[in-house]
Amino acid sequence: MKDHISEKDIKLKASRLQKTDADLLLACRRGEQTAWDELVERFQRLVSTVPRRAGLSEEQAADIFQEVFLTLFQKMDEIEQPDKLRSWLVTTAKFKTWNIIRGEKEFTTTSTGDTGEDEVDILSLIPDDSPLADKKLIELEEQHLVRTALKELEERCRTILSMLYLSDEGASYAEVAKVVNVSETSISPLRARCLKKLSQILEK
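Here's a quick rundown of the structure. Remember, predicted model here, so these are calculated numbers, not experimental data. (Residues numbered from 1 in each chain as written. Predicted model: local features only at pLDDT ≥ 70, side-chain atom pairs only at ≥ 80, totals over all residues. Heavy atoms only, no water.)

Let us look at the packing of aromatic side chains. In total, this model carries 3 aromatic pairs according to the counting rule given. Ring centres 5.6 Å apart and planes at 75° place the aromatic pair W36 and F73 in the edge-to-face group. One end of the pair, W36, is in helix 3 (residues 33–53); the other, F73, is in helix 4 (residues 58–75), with 37 residues separating them in the sequence. These aromatic residues form a ring-pair network of at least three members: W36, F65, F69 and F73. (Phe/Tyr/Trp six-rings, centres within 6.5 Å; stacked < 30°, edge-to-face > 60°. Helix = DSSP H or I, 4+ residues; strand = E, 2+ residues; numbered from the N terminus.)

Written as structure tokens, this is what we have:
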């Protein structure tokens, strides 16, 4: 029987609490290290998916990840539309990915992330069968907020919710029970209590 506080409810609450992209970028411009750390954590998985879905290796994707955020650090004061930061990052990642694909050492991006017609044609050559960037980003942001809230829970609740909801395939009650050393029948009520605690943290 599903608890009335579902994972979807938690994600919806989390999405309402998140800082905007513009908030983070403006805080970075003021030199706030915590804002930079949060910005990198928010977008790191999204940026990394661009070279990976284009068929590049993990090592190449890691290099592009570093280059994208180095470019952002260098050009953050030049971005005219902070609310479009995600588009800027995705576009920059695509340019740098294409740079490797076509074997050139440099491929210059604009400071705002806007593209001309020729550049759009180039970007379209990079395979993309993943969810749209905005949808993927929303999912990653929600996951980030939930994971952050999980850190405030006691270890047992953290383990139960992480195994049930945040693992790739989702663990069974039997698997979770074995890890936290309780009976399988105890997992459902424990899960409900842990979800309630997590919901309270997200509502703060």
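Now that the structure has been shown, the text picks up again.
Counting 25 residues, the largest nonpolar core has L39, F43, V47, F69, L72, L85 and L89 as its most contacted members. Sorting the residues of this core by element identifies helix 2 (21–29), helix 3, helix 4 and helix 5 (85–101) as the ones contributing at least two each. The element best represented in this core is helix 3, accounting for 8 residues. Every residue in contact with V47, bar those within four places of it in the chain, is listed here: F65, V68, F69, L89 and A93. (Core = buried A, V, L, I, M, F, W, Y, C linked by side-chain atoms within 4.5 Å. Buried < 20%, exposed > 50% of the residue type's maximum accessible area, 1.4 Å probe, protein only. Contact = heavy atoms within 4.5 Å.)

Attention now moves to helix 9 (residues 173–180). For helix 9, the complete set of buried residues consists of V176, A177 and V180. Take helix 9 and look down its axis: the buried residues cluster within an arc of 100°, on one side only. Summarising the geometry of helix 9, the exposed residues directed more than 90 degrees from the buried face are K178 and V179. Packed against the buried residues of helix 9 are helix 8 (155–166) and helix 10 (187–202). In the stretch just after helix 9, N181 is the one whose phi turns positive, near 65°. (Arc of directions from axis to C-beta.)

Further remarks concern the state of the cysteines. Under the counting rule described, the total for this entry stands at 1 disulfide. For C157, the disulfide goes to C194, at an S-S distance of 2.0 Å. The S-S bond linking C157 to C194 shows a torsion near -80°; that makes this disulfide left-handed. Here C157, found in helix 8, pairs with C194, found in helix 10; they are 37 residues apart in sequence, far enough to count as distant. Across the pair, C194 and C157 agree in class, each one buried. (Disulfide = S-S within 2.5 Å.)

At a closest axis distance of 9 Å, the pairing of helix 3 and helix 4 adopts a crossing angle of 135°. In terms of orientation, helix 3 and helix 4 fall into the oblique class. As for how helix 3 packs across helix 4, the hand of that crossing is right-handed. Where helix 3 abuts helix 4, its residues W36, L39, V40, F43, Q44, V47, S48, P51 and R52 lie against E58, A61, I64, F65, V68, F69, L72 and F73. For the contact of helix 3 with helix 4, the per-class residue count stands at 13 nonpolar, 2 polar and 2 charged. (Axes fitted to C-alpha atoms, helices over the stretch in contact; angles between N-to-C directions. Parallel < 35°, antiparallel > 145°, perpendicular 65-115°, else oblique. Left-handed = near helix turned anticlockwise from the far one by under 90°. Nonpolar A, V, L, I, M, F, W, Y, C, P; charged D, E, K, R; others polar.)

Here we take up the environment of L195. The residue L195 is located in helix 10 in this model. Remark: the alpha-carbon pair of L195 and I160, spanning 35 residues in sequence, is separated by 9.8 Å.

This part takes up the pattern of salt bridges. Inspection of every chain in the model, using the stated rule, returns 7 salt bridges. One salt bridge connects D77 with R29, and the closest N-O pair in it is separated by 3.9 Å. Of this pair, D77 sits in the loop between helix 4 and helix 5 while R29 sits in helix 2; the two residues are 48 residues apart in sequence, bridging distant segments of the chain. Accessibility expressed as a relative area gives 61% for D77, which makes it exposed. We note a salt bridge from K75 to E78, for which the minimum N-O separation is 4.0 Å. (Salt bridge = Lys/Arg side-chain N within 4 Å of Asp/Glu carboxyl O.)

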